[in-house]
Every structure is written in structure tokens, then in C-alpha cells.
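# Structural features, examined
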Amino acid sequence: MAELVANCRGLTRIYQDDAVPVQALVDVDFDLAAGEFVSLAGPSGSGKSTLLNLIGGLDRPTSGDVCIDGVALSTLNEAGLSDLRLNKIGFVFQAYNLIPVLSARENVEFIMQLQGVSARKRRERAVAMLDSLGIGDLAERRPGELSGGQQQRVAVARAIVTHPVLLLADEPSANLDSKTTAELLELLTRINREHGVTILTATHDPVVMGYALRHVQLRDGRIVSDEKADSVAA
Amino acid sequence: MSTEALAVPRPGVARRSAFTPITVALAWRNLWRSRRRTWLTAGGVGFSIFIMVFAWSMQVGTFSLMIDNATSLISGHLQIQHRSFADDPGLRNTVRDASSLLAELELHPEIEAVALRAQAFALVSGDERTFGAQVMGVDPIRERRLSSLPDRIVSGRYLATGREAIIGATLAVNLAVGVGDEVVVLGSGKDGGIAAMAIEIVGVFDSGIIDLDRSLLQVELRAFQEAFDLTDEGHVLALRLTDFERTDALKVALQQRLGEGLSVRSWSELMPELEQMVGLKQAGTEIFFVLLALLVTFSVFNTFAMTVFERSREFGMLLAVGMRPGQIMLQLQLEAALMCLLGVALGVGMSVLVVSLMARTGIPLGDVGELLRQYHMPDRLYPSLAHGVLVAAPVLMFVSIQLAAAIPTLRVRHMQPATELRAAA
Ligand SMILES: Nc1ncnc2c1ncn2[C@@H]1O[C@H](COP(=O)(O)OP(=O)(O)OP(=O)(O)O)[C@@H](O)[C@H]1O
Ligand SMILES: [Mg+2]
């Protein structure tokens, strides 16, 4: 059996901040093996983002635990979680991924700077990464000067330049048209296949699901189906 | 497409908190995301610094004018007296061998002028009335170099040689005497005998200082020494320095040189009320500075409260990708520091420019100038660039701004990345 990148046991998340507590996730068991490309689907409010946040260490469960790369997140303090996010997880969000006043290259360099990579190596790797994702010629542009698809590519570059064990994407194509969505998904597929980066992406979009190798369905905070894809697009 | 970049080994987990070119660039560019606000805040900082430097420079200008005016009238910057003269200004407490000491002092490069004076309290009588007065024997030629009293003659002329006197305007009125009249001075000599002199008034002065105008009578030194049984001695050696800022340093040096028997006293000891007034005014100005700094602190606080509020989704993203709250806060403090530097550059630039310009041309005092002229003050004020404040004001601003920015910035500590990102969606 392949080594587990993520391992969730009895995950429950109840939001207490409103008058009525919301059960966003109820007793979810969920594993991600190294090299998987998984789509997480389900209606709005079914708990997709909540699950992603718990796996990514952005939020803590009400009960249950998550292990990432063998480390139980419940054993980590805030700083430990922050380090885990920096070094083991790559994030791509729907929007607001990038620092608007930094160029594409600087955005990618910035995350490596947080890791303490030397200035020379940072630059080399940022340029090489943007090149390999086909946006090398846009390296000096700021996010405002890039299209939505280009911005998401930069976000992917930033997410994987740190060599995470897991790439989490929360509706990365929600703001993109279908052509750009396809390009982004092809990129993710390549990263998954050629470099074995494990990917978990939340999505409403059947096109996105078409690229994944495993489909998980959430409803009302519970996993209602979890199956391997019969056929994969592209 | 090359995919080599993906194959680089995983980096270490070491964190670097030092400011790198990226963090500085990030801070600088973030400042310009809201140009108007940055200019307003930095402008406020700059203007406050300008106000501080300008106010202090004007004050220093005014004070040195006042001090110069006060010391040049008669007292000089330093006085050498007999050790006991300050407590007991009796005729007996004299400086001996005065002419050799005077000659020596005149050779000192930092001393511009020296004058020897002998003085005593005596009764002065006109034809009908008699008043007590301070009679002072002076050397007219040396006196002209040190004292501005010779310029304050309102009728007649200043002393030349021989048995003549000048008299304060009020005293002249009290005695009902004028130029050409004779007065009789009656006192007791050093040896206890009667000191008397009949002397002609050649000039009346109006110094603007009530005490002097009411009680001073100047006569020629030798005549005084003769009448009061003095030999080569006097009571005061008044010194005017080339640079009055050197007063205290020279006081110490001279005191050391002259030894126990004589005491060297500075203008601030001779006119303590003058220095007290300067100190009081400066304390008031310092309080004003603190209030100004408080005002700037509020404006910076407001700016950073807005910044933290507006950029919370971005901070959520940065927290999500593994930046620590402390690093974000440092980043914001760096932004505050750069904003402060911008303000400091504006403020210092403006201060140096305006003050040095005005130091050259002077500030006309207008109607006030008219009034001041009566007191023999110039009608233009020359501010003197206050270097201390030029350093202290930016430091005060820097500290206030860092504190002001730190308060709203603390909110970042309580930010939850998931919450901030959800709010953004
Ligand atoms: N911070 C929160 N405070 C209160 N309720 C929350 C919070 N975050 C999520 N919820 C609630 O939890 C439930 C699950 O939300 P979640 O965002 O995980 O759904 P989702 O599947 O990602 O939906 P969408 O497709 O709309 O993004 C929803 O009912 C939502 O309103
Ligand atoms: Mg969601």
C-alpha cells in the first residue's frame, strides 16, 4: 500500500459562532495516498472548504484528528502548524492568492524567503519554476497585469516551489473560463503525474472532476461517495 | 517545456526573519497602495518635524538675541571678581594688580574685549537734591569695545578723559540735573576716609533697564581710584568672548588659571532671571512638542488601523501559506518605519531649507520690531538652526510612530487564516 500523505479519523467540525451551531463536518474518515489526484465535490455548504482547511492545518477540528506525512496536527502548536503549512502543504485558493505589489517572480520568491532559502537560489528556482509552468515571460509582471488564468498559474508555481507533500486547491477554477480551466487542470495533471505531487481539489465543476483520478462526494458534512475514476480526461 | 525546477531537493525548514530586499520592497510598495493616505500621514510627520525644528530655531534665535543684548549692555559674558565680592560687594573686595591681569586677558584669543571697573555706593547731589547711586569707574576706550552703554547716550556724549560723568536718565531727572551741570559724589574711601568728587555731567544715557537708569553714574576709572583710595585695582573685570557658547568652558579654564582668590562668574550667574526665563520657555516648547507627537501618533494609528482592516484577506492568505503573525507584524512595522523616514526626509529637508534661508535674510518683526527698537533690539530676528532638535524630533517621531503602528498591528495575532479567507470569498 502506498504511504499516506493525509490521514483523517473521525473529523468533526462544528461552528459555534452563530446562535445555531453548524455541523459543517461530521465524523469524516478520509485518507490520501501519495501521488493521488482527488476531487472533492458536493453542493454548496456541504463542507468541502471545511475539510480542506482541516487537512491543510488552517483550522482545528472540533473532534478527530488529521495526520499529515505522519505528523498528528493536534500535537502541533500555532507555530508548528504555520511551519507545516509553509513546508508541507501548497495552497491554491479561488482568489486573492498573490501579493498584489510583488511581481510573479517575487511572489514565488517570497515563500522561499520565508523558508530561509538563499537569495541566489530563490531567484534561480523562481525563474525556473515559472519557466516550467509556461509563464517565464510574465515573471516581472504584477498580479494586476495578469489574466485570471495566468494568476492561478503563478499561484500554482508558488504552491509547489516549496516542494510540498500535498497540494490543496479550493475551487481554483471558479473564476476561470472553460479554456483556461482546462489549461490549469492540464498543468495540475502534469505536476501530479511527472512529479508525484498529491493533489486534493474542491470543485463544483464536472470538467475539473474529469481530470481527477478519484472522486469524493460530500453532503451535509458527510462523505457520501468515494470512487476511482473510470476514465480520465486528457 | 523544462520541468527541472520541480526536481530540486526540498529546502530546509530554517526561517529567516532578517529584512531582505524583498521585504523592504514589499513594505515600500505597500505604502503606495494608498498614495493619498501615505502622503497625508508622511506629510503630517514631516510638517510636525518642521514645526519643531522651526519653533526651536526661532527660540534659539530669540534667546541668543536676548542674551547677546543683555550681556552686551554692560555685564559681558564673564566677570572676574574678588572671591567675596558676590556676597559682599564692598569697596575692600578688589581684584589686585588689575592692569597686568587685564593685559594678560587681552592676549587671550577667545576674549574679544576686557574692561576693568571699580564701583562703590555713594551719595550723589545736584543743586537741590541728593540720591544714593552706584558710582562706577570705567576706562572709556575699553568700555566702548565691551559695552553698548556708550551707544545709549540720549543727550551729550560718552566719557572721554578727565573729571566727567555720565548719568542714567531717571537719576538725572531725580537730581534735576542735565548735561553741563556739576554733581557732587560723596562716599567713603577704601581706607575709611571720605571720598568726594565734584564732577561735570557730559552725557545722559537711557538703557531701557530701570535699575541702571535710576541708579548708575559712570566716571573715569582713574578719577574714581583716586577719590576712593584705590591703587592698581578694581572690582570687576568684565569679559566679552568671541563666542558666547564657550562661556562655561572658558569660565572653568579661567577659574583654574586664576586660583582661589578670584572668582569667575558667567552671565547666567550674574543674571539668573534671564536663564530661568529661557529654561521656562524651553520647557513650554517641549510640552508643545509632546502634544504634536501625540497628534501624529493618532494619525498614524488611524492609518494603520485602516491598513490592517483593508488587507485582512491578504494577511489571511499570507498566514495560510505559512507566514507567521510576528513576521506580518514586523512587515507592518517596517512599513511604518519607511513612512516615518519619508516624513523625516520631508521635514528635515524643509526645516534645513527654510531655517537656513531665514537665518540669512532674517525675519522682519514688523510692529513688534518698532517696539523692540526702543529697547535697542534689532527689528529682524535671525533664527539659528537647532541641530539638536533636527535629530531629536525625528527620533521622537520614529518612536511614536512605531508605537502607534504596533497597536492596530497587534490584531494580526488574533487572525485566523480560515476565517479571513472565508470572509474574502
Ligand atoms: N467560519 C464559519 N462560521 C460559521 N459557519 C461556517 C463557517 N465556515 C463554514 N461555515 C458553515 O459550514 C458549512 C460548510 O461550509 P463550507 O464552506 O465548508 O462549505 P463548502 O462545501 O466549501 O461550500 P461552497 O461550495 O459554497 O464553498 C456551511 O453551512 C457554512 O455556512
Ligand atoms: Mg468552499
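Keep in mind the model is a prediction, meaning the values are calculated, not measured.

So, about the domain arrangement of chain B. Residues and elements named next belong to chain B. Taken domain by domain, chain B holds domain 1 (17–68 + 276–424) and domain 2 (76–270). Every contact between the two is made by 5 residues of domain 1 and, on the other side, 7 residues of domain 2. Across the interface of domain 1 and domain 2, roughly 520 Å² is buried in total on both sides, 64% from carbon and sulfur atoms. Across the contact surface, domain 1 and domain 2 share 1 salt bridge. Where Asp68 meets Arg240, a salt bridge forms, and the shortest distance between an N and an O atom there is 3.2 Å. Our count for the contact surface shared by domain 1 and domain 2 stands at 1 residue pair in polar contact (both at pLDDT 80 or more). When its residues are assigned to classes, the side of domain 1 that touches domain 2 shows 2 nonpolar, 2 polar and 1 charged.

Turning next to the site of ligand 1. The local shell around ligand 1 holds 15 residues, among which Asp17, Ser44, Lys48, Ser49 and Thr50 of chain A are the closest. Neighbouring residues of ligand 1 are not confined to a single chain but are spread across chains A and B. Take Ser44 of chain A: an N or O atom from its side chain is 2.5 Å from an oxygen atom of ligand 1. Between ligand 1 and Thr50 of chain A there is a distance of 2.6 Å, counted from an oxygen atom to a side-chain nitrogen or oxygen. Its free accessible area being 620 Å², ligand 1 has 77% of it covered by the protein chains. For the shell around ligand 1, the secondary structure elements donating two or more residues are strand E2 (22–33) and helix H1 (48–55) of chain A.

All right, on to the sheet that holds E2 of chain A then. Residues and elements named next belong to chain A. Ordered by their spatial adjacency, 4 strands build an open sheet running E2-E1-E4-E5, and the pairing between neighbours is antiparallel. The strands lining the two open edges of the sheet, one partner per strand, are E2 and strand E5 (71–72). The sheet contact formed by strand E1 (residues 4–15) and E2 spans 8 bridges and is antiparallel. Bridged to Ala6 within E2 is Leu32.

Moving on: the state of the cysteines. Residue and element names in this part refer to chain A. Under the defined criterion, the tally for this structure stands at 0 disulfides over all chains. Cys8 forms no disulfide, and the closest cysteine sulfur to it belongs to Cys67, at a distance of 8.6 Å. We classify Cys67 as partly exposed; its relative accessible area is 23%.

Calculation criteria
- What you see as residue numbers is a count from 1 along each chain, following the sequence as written.
- To label them, take the chains in the order written and letter them from A, then take the ligands in the order written and number them from 1.
- Under the rules for a predicted model, residues below a pLDDT of 70 receive no local features and side-chain atom pairs below 80 are neither given nor counted, while totals for whole chains, interfaces and linings still include all residues.
- Computation of side-chain values: all heavy atoms of the structure, hydrogens and water removed.
- A domain assignment, automatic or from a database, supplies the domain bounds used here.
- Whether two residues are in contact is decided by their heavy atoms, any of which lying within 4.5 Å being enough.
- Buried area adds together the accessible area that both of two parts lose upon being put together, with accessible area traced by a 1.4 Å probe.
- Definition used for salt bridges: Asp or Glu carboxyl oxygen within 4 Å of a side-chain nitrogen of Lys or Arg.
- Polar contacts, as counted here, are pairs of nitrogen or oxygen atoms within 3.5 Å of one another; within protein the pair requires one atom able to donate a hydrogen and one able to accept it, and residues that are adjacent in sequence qualify only if both atoms are side-chain atoms.
- Note on residue classes: Ala, Val, Leu, Ile, Met, Phe, Trp, Tyr, Cys and Pro are nonpolar, Asp, Glu, Lys and Arg are charged, and everything else, Gly too, is polar.
- For this description, a residue counts as near a given molecule or strand if any of its non-hydrogen atoms is within 4 Å of it.
- Residue exposure ignores everything except the shown protein chains as possible cover, and the areas themselves are Shrake-Rupley values with a 1.4 Å probe.
- Only DSSP runs of H or I with at least four residues qualify as helices, and only runs of E with at least two residues qualify as strands; both kinds are numbered from the N terminus onward.
- Two strands are counted as paired when DSSP detects at least two bridges linking them.
- When two cysteine sulfur atoms are found within 2.5 Å, that pair is recorded as a disulfide.
- Accessibility here uses a 1.4 Å probe with only protein chains present; expressed as a share of the type maximum, an area under 20% marks a residue as buried, one over 50% as exposed, and anything in between as partly exposed.

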